[in-house]
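Geometric and topological summary
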Amino acid sequence: MSRFAVGDRVRVHDLWPPTPPTHVRTPHYVRGHEGVVERICGTFGNPEELAFGRRDAPRETLYRVRFRQADLWPGYDGSAADHIEIEIYEFWLSPAGQ
Amino acid sequence: MSHTHDHEHAPPRPDLDDTMTYYRVMEEAVRSLLIEKGIVTADEVRREVENMDARTPANGAQVVARAWVDPDFREQLVANPKQAIGEIGHDIGPMHLVVLENTPAVHNVVVCTLCSCYPRWLLGRPPDWYKSRAYRSRVVREPRAVLREFGTEIADDREVRVHDSTADMRYLVLPLRPDGTDGLSEAELAALVGRDSMIGVTEVAPPLRA
């Protein structure tokens, strides 16, 4: 059961450095930013566990989240309509505003 | 003909086959251990390399051309890419594919900022620039400038949508069918579709007039 639905506004955790240090698939440029769930991709092995050979760790729900470019980059000089979509695991997300 | 030495020779170039880098040493060590332990055979490794090299952007181009001529296939391709592509004879393996339709309102472009994730089952091996730090860091920050360097100008009122392949999904851009292609066969259409248009750094150009 996924925590978020398509269309939900979510916020990416702003963790740096992650404690303990781990193999992270959430790039810096979206951390701390708010976006909208574009789709639910399904559940997958957690790369932060798989990287250390822990293959029996619980699977995690993966989302595609859409961000406005103008929200991510100060002084973004493209169109105000431009977006980025990126895959983020559920445990990196909170409801927007939290 | 004699070779007299009244001039200076350039110093000999270093042998370029000396490529024993750290990662190559590691790859050879791991491979020989896997073979020694009977987990894979040398022939299986060779065959996998052969399979990898046999995948080319022509596979992706065939998918795009079919989507241009067959609206039902197109709909299925977007809804269930693995099944749709399987039905025209391509096994995309364990890959989870997302098909991104370009429209008059949206132009899509794909990057993997963290490494070099790429739909190899459909497009073969990625070009070197796709793996470069310059492309990976710039196309998310200033996509229109990067596209311009590829000769691709996207109108101000058309959205540029960047897709960062950070985890388990792979992406194929379904480019717009160019004007002036009404009479072309599916095979002729496929021949117009280049790798870069399926990554999204170019659009498909109309055929050259004879």
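Numbers given for residues are sequential positions, taken from 1 along each chain in its written order. Numbering of ligands from 1 and lettering of chains from A proceed in the order in which they are written. In view of the model being predicted, local features appear only for residues whose pLDDT reaches at least 70, and side-chain atom pairs are presented and counted only at 80 or more, with totals across whole chains, interfaces and linings using the full set of residues. Hydrogens and waters are ignored; side-chain quantities use all the structure's heavy atoms.

Details of the pairing of strand β3 (residues 159–164) of chain B
Remark: exposure states derive from per-residue accessible area (1.4 Å probe, protein chains only) relative to the maximum for the residue type, with buried under 20%, exposed over 50%, and partly exposed in between. A helix here means a DSSP run of H or I that spans at least four residues, while a strand means a run of E at least two residues long, and both kinds are numbered starting from the N terminus. For β3 of chain B, the tally of buried residues reaches six of six residues, placing the bulk of the element in the interior. Residues E159, R161 and H163 of chain B point to one face of β3 of chain B and V160, V162 and D164 of chain B to the other, with burial holding for every one of them. Both strand β4 (residues 83–89) of chain A and β3 of chain B contribute to a ladder of four bridges, which runs parallel. Opposite E85 of chain A, over in β3 of chain B, you have H163 of chain B as the bridge partner. DSSP-based pairing: two strands are paired if at least 2 bridges between them are found. Alignment of strand β2 (residues 106–111) of chain B against β3 of chain B, held across six bridges, turns out to be parallel. Bridging from a neighbouring strand, H107 of chain B pairs with V160 of chain B of β3 of chain B.

Brief notes about the interface of chain A and chain B
Throughout, a contact is declared for two residues whenever any of their heavy atoms are within 4.5 Å. At the interface, 25 residues of chain A touch 24 residues of chain B. A 1.4 Å probe defines the accessible area here, and the buried area is the portion of it lost by two parts on being joined, summed over both. Of all residues in chain A, the largest losses of buried area upon contact with chain B belong to R25, F44 and E87 of chain A, amounting jointly to 28% of the total for that side. By salt bridge we mean one thing: a side-chain nitrogen of Lys or Arg within 4 Å of a carboxyl oxygen of Asp or Glu. Here chain A and chain B share two salt bridges between them. Here R144 of chain B makes a salt bridge to D82 of chain A, at a shortest N to O gap of 2.8 Å. Polar contact is the term for a pair of N or O atoms within 3.5 Å; when the atoms are in protein, one must be able to donate a hydrogen and the other to accept it, and sequence-neighboring residues count only if both atoms are side-chain atoms. Viewed at the interface, chain B and chain A are joined by 21 residue pairs in polar contact (both at pLDDT 80 or more). Mapped by element, the contributors of at least two residues to the side of chain A that touches chain B are β2 (34–44), β3 (60–68) and β4 of chain A. Examining the composition of the side of chain A that touches chain B, we find that six residues originate from one element, β4 of chain A, more than from any other. The nonpolar class holds Ala, Val, Leu, Ile, Met, Phe, Trp, Tyr, Cys and Pro. Asp, Glu, Lys and Arg form the charged class, and all remaining residues, Gly among them, are polar. Along the lines of polarity and charge, the residues of the side of chain A that touches chain B split into 13 nonpolar, five polar and seven charged.

Some thoughts on the sheet that holds β4 of chain A
Taken in spatial order, the seven strands line up as β5(A)-β1(A)-β2(A)-β3(A)-β4(A)-β3(B)-β2(B) in an open sheet, and their pairing is mixed. Only two strands of the sheet have a single neighbouring strand rather than two, namely β5 (93–95) of chain A together with β2 of chain B. Neighbouring strand axes in the sheet, compared pairwise and without regard to direction, differ in orientation by 35° on average. Relative to β2 of chain B, helix α8 (residues 133–141) of chain B is tilted by about 150°, and along the sheet it contacts β4 of chain A together with β2 and β3 of chain B. Axes here mean lines fitted to C-alpha atoms, for a helix over just the part in contact, with angles spanning 0 to 180 degrees between N-to-C directions.

What about the pattern of salt bridges?
Under the defined criterion, the tally for this structure stands at 25 salt bridges over all chains. For E85 of chain A, the salt bridge identified is with R161 of chain B, shortest N-O distance 3.8 Å. Taken together, the residues E85 of chain A in strand β4 and R161 of chain B in strand β3 connect one chain to another. Across the pair, R161 of chain B and E85 of chain A agree in class, each one buried. Through salt bridges that share partners, E38, R39, R64, R66 and E85 of chain A together with E159 and R161 of chain B make up one connected network.

Considerations on the environment of I84 of chain A
Considering the arrangement of structural elements, one finds I84 of chain A in strand β4. Note on I84 of chain A: relative accessible area 0%, which makes it buried. Between the C-alpha atom of I84 of chain A and that of G42 of chain A, which follows or precedes it by 42 residues, the distance is 20 Å. Contact partners of I84 of chain A, with chain neighbours within four places excluded, come to Y29, V65, R66, F67, Q69, L72 and W73 of chain A together with V140 and V162 of chain B.

Notes on empty space enclosed by the protein
Residues and elements named next belong to chain B. Using a 1 Å grid laid over the protein atoms alone, points where a 1.4 Å probe fits but cannot get out form a cavity; open sets with protein on both sides within 12 Å along at least 5 of 7 lines form a pocket; any residue with an atom within 4 Å of a point counts as lining. Grid points are joined across faces, edges and corners, and a volume is the space filled by probe spheres set on the points. Counted by the stated rule, this structure contains one cavity of 30 Å³ or more. As a volume, the largest cavity reaches approximately 30 Å³. Forming the boundary of the largest cavity are R144, L147, R148, T152, E153 and I154. The residue inventory of the lining of the largest cavity, partitioned by class, reads two nonpolar, one polar and three charged.

Purely spatial values, then, with no claim about function.
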